[in-house]
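A structural walkthrough
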Amino acid sequence: MAGKGGKFAYPRSVEHIIEQGRQDPQEVAAKFQYNLRCPRCGCEQFTCIYHSRRRHQSQLLQCRCPQCCEKGIRVRKDADSWKAPPASLETLEHLHKRVTGQLAHRQIYGASTGWKAFDQIWRPLPGEVTVATGIPGHGKSEFLLSLAMNMAHLHGDRTLVFAFESNFKNLAIQLDVKARATCPSLENDDADKALDWIEEHFIVHSEHEEALTLDSILQIGEDEVKQANEEQKPIQMMIIDPYNWIERSQEDQQEPEFEYIGRLMSELRCFAKENGLHVIIVAHPTKAGQWNGRKPSMYDIAGSANWFNKTDNGLMVYRQFVEDDDGEMVPTQRTEIHVQKVRNRDAGRLGQVVLYFDRERRSYEEVVTEQQASCDDDDVPSRHRRSIRQGPGPDVRRGMAGEGRPHGLHAAPLR
Ligand SMILES: Nc1ncnc2c1ncn2[C@@H]1O[C@H](COP(=O)(O)OP(=O)(O)OP(=O)(O)O)[C@@H](O)[C@H]1O
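You'll find the chain entered in an unreviewed UniProt entry as Chloroplastic/mitochondrial (DNA helicase) (DNA primase), with Durusdinium trenchii given as the organism.

If you want it as structure tokens, here you go:
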């Protein structure tokens, strides 16, 4: 595990060059040799530039086109034209590749998560962003690490993890327990061998001395992706856990939060697309204390409806509770994973699954319930209770999905 515990001092690279509305965009464009042209309508006149940022060797301008109101556009200093092709061209190119068989199954249908029922409702696609939410303490981090672990075992995937709330040592132990629990071939291996395997599949950033801004995270991400590609061990997933640990620079703070979140989501999508990996960002729902048995939705995430609007996928992690003999609500080891948004219907649909969390093995196993993979998200509490009382016993499926995959999935066998 490439731990950068505390030693990593990335420069705060955000530079505020232009104050809103103060300078003529064309003047700025000439100064930095940009070619200002809207990718959507081709217009060359811009009325307003919000920021210019320096990250890596690229500059980033945020402009608004007066013709079509296209906004939040990236420009590379060394490029002749806009970096991002028009969305319609991108879609056409994708469609062309798809019909001519140039896309791998994974790029169309997503990759198996290792849980059979969950595969039927959600599979992560390269180039997409997922927002994961849930009440604090309900197991978001635990579940996402298990997901990444399954992907590592099944497909040999590598994951870049920004785990701001964990300390490096605990994270290493957590991954070690999970790795041994989910992969029989590692179970009896000595510590060094298991750690080597983890290092190969996980790049972890935690315990940074200073909080990272979005730009710093993306810069680290780009560096890690570049290095991984040079080593011919590409990264397939990036997890940012959680959003509220991302520092907003002075420039970022000038934007209202909803606008900042919208831009953050656009930049993450851009990053995911450019680097062909799946990005997952954890964001907490508002007012942690108010949930009392209620399940949050994507619209309950603090800050902005942009969390829902601008994401490709939305997951909600909810730990089930049950009433004990004294009438107290006590948490169980069962966790519901709700798919609350899927943009690409080839890679999933709305629904939910229930997983049983094995504390000792720190891994999740499938629970077969009548509500498993249900499309209906409005769970009736009595049904929900009935499934809890059944207990984990024989209806817990050990191990990972291996057969009966939905159409298009072809996960590699366990190594
Ligand atoms: N279903 C479960 N049964 C038992 N323990 C669980 C379950 N899910 C999570 N836990 C445990 O609860 C603790 C909190 O989990 P975790 O940190 O993943 O939650 P979280 O939702 O990410 O919290 P936060 O939002 O505060 O970061 C961990 O020790 C985890 O092992």
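**Regarding the overall build of the chain**
Tallying secondary structure elements over the chain gives 13 helices and twelve strands in all. Per-residue burial over the chain gives 53% buried out of 415 residues. At a minimum sequence separation of 6, the contacts of the chain that also span at least 24 residues come to 69%. Carbon and sulfur atoms make up 47% of the accessible area of the chain, which amounts to about 19000 Å² in all.

**Looking at helix α6 (residues 168–182)**
Here α6 is 15 residues long and its end C-alpha atoms lie 21 Å apart, about the 21 Å a rise of 1.5 Å per residue gives. By the burial criterion, the buried members of α6 are L171, A172, Q174, L175, K178, A179, R180, A181 and T182. Structurally, α6 contributes buried residues whose contacts are with α5 (140–155), β4 (159–163), α7 (184–187), α8 (191–201), β5 (202–205) and β11 (363–367).

**Side note on the nonpolar core**
By size, the foremost hydrophobic cluster in this structure holds 39 residues, and its most contacted members are F118, F143, L144, L147, W197 and F202. Of all the elements, α5 adds the most residues to this core, at eight residues. What L147 contacts, discounting residues up to four positions off in sequence, is T113, W115, W122, M237 and I280. Within the second largest apolar cluster, 33 residues are counted, among which are I246, L264, I281 and F308.

**Some words on the side chain of K178**
Mapped onto the secondary structure, K178 falls in helix α6. With residues near it in sequence (within four places) discarded, K178 still touches E142, L145, S146, M149, R361 and R362.

**Some words on the site of the ligand**
Every one of the 18 residues lining the ligand counts as a neighbour, but K140, S141, E142, H284 and T335 are closest to it. Side-chain polar atom of R319 to a nitrogen atom of the ligand: 3.4 Å apart, as the coordinates give it. Split by residue class, the shell around the ligand holds four nonpolar, eight polar and six charged.

**Some thoughts on the confidence of the model for the chain**
Residues with a pLDDT of 70 or more make up 64% of the chain, whose mean pLDDT is 73. No element of the chain has a lower mean pLDDT than helix α13 (residues 381–389), which averages 32, and none a higher one than strand β7 (residues 278–282), which averages 97.

**Side note on the packing of helix α9 (residues 214–230) against helix α11 (residues 257–275)**
It is the contact of α9 with α11, at a shortest axis distance of 11 Å, that shows an interaxial angle of 5°. Put simply, α9 runs roughly parallel to α11. Facing α9, whose interface residues are L214, D215, L218, G221, E222 and V225, α11 presents Y260, L264, E267, L268, F271 and N275. In the contact of α9 with α11, the residues fall into seven nonpolar, two polar and three charged.

**With respect to the packing of aromatic side chains**
In this structure the tally under the stated criterion is eleven aromatic pairs. In this structure an aromatic cluster arises from ring pairing among W115, F118, W122, F143, F357 and Y364. Its end group placed over the ring of Y260, R248 keeps NZ or CZ at 4.4 Å from the ring centre. K341 extends its terminal NZ or CZ atom over the ring of F308, reaching a point 4.9 Å from the ring centre.

**Focus on a negative patch on the surface**
On the surface, a cluster of negative charge is contributed by D190, D192, D196, E199 and E200. Looking at the secondary structure, you find E199 in helix α8. On the basis of relative accessible area, E199 is assigned to the partly exposed category, the value being 41%.

**What to know about the environment of I281**
Mapped onto the secondary structure, I281 falls in strand β7. With 38 residues separating them in the primary sequence, I281 and Y243 have C-alpha atoms 6.6 Å apart. Discounting chain neighbours no more than four positions away, the residues touching I281 are T130, V131, A132, I240, Y243, I246, L264, L268 and W307.

**Let's talk about unusual backbone geometry**
Look at the link from D241 to P242: it is a cis peptide, with omega at -10°. Position of P242 among the secondary structure elements: in the loop between β6 (237–241) and α10 (250–253). Although it is not a glycine, Q232 sits at a positive phi angle of roughly 60°. With respect to the secondary-structure elements, Q232 resides in the loop between α9 and β6.

The rules we used
Residues numbered from 1 in each chain as written. Predicted model: local features only at pLDDT ≥ 70, side-chain atom pairs only at ≥ 80, totals over all residues. Heavy atoms only, no water. Helix = DSSP H or I, 4+ residues; strand = E, 2+ residues; numbered from the N terminus. Buried < 20%, exposed > 50% of the residue type's maximum accessible area, 1.4 Å probe, protein only. Contact = heavy atoms within 4.5 Å. Areas by Shrake-Rupley, 256 points an atom, 1.4 Å probe, with all protein chains shown as cover. Expected span 1.5 Å × (residues − 1). Core = buried A, V, L, I, M, F, W, Y, C linked by side-chain atoms within 4.5 Å. Near = heavy atom within 4 Å. Polar contact = N/O pair within 3.5 Å; in protein donor to acceptor, adjacent residues only side chain to side chain. Nonpolar A, V, L, I, M, F, W, Y, C, P; charged D, E, K, R; others polar. pLDDT = per-residue confidence, 0-100. Axes fitted to C-alpha atoms, helices over the stretch in contact; angles between N-to-C directions. Parallel < 35°, antiparallel > 145°, perpendicular 65-115°, else oblique. Phe/Tyr/Trp six-rings, centres within 6.5 Å; stacked < 30°, edge-to-face > 60°. Lys NZ or Arg CZ within 6 Å of the ring centre and 35° of its normal. Patch = residues over 30% accessible without salt bridge, like charges linked within 9 Å, V, L, I, M, F, W, Y side chains within 5 Å. Salt bridge = Lys/Arg side-chain N within 4 Å of Asp/Glu carboxyl O. Lys, Arg positive; Asp, Glu negative; His and termini not counted. Charge placed at Lys NZ, Arg CZ, Asp CG, Glu CD.

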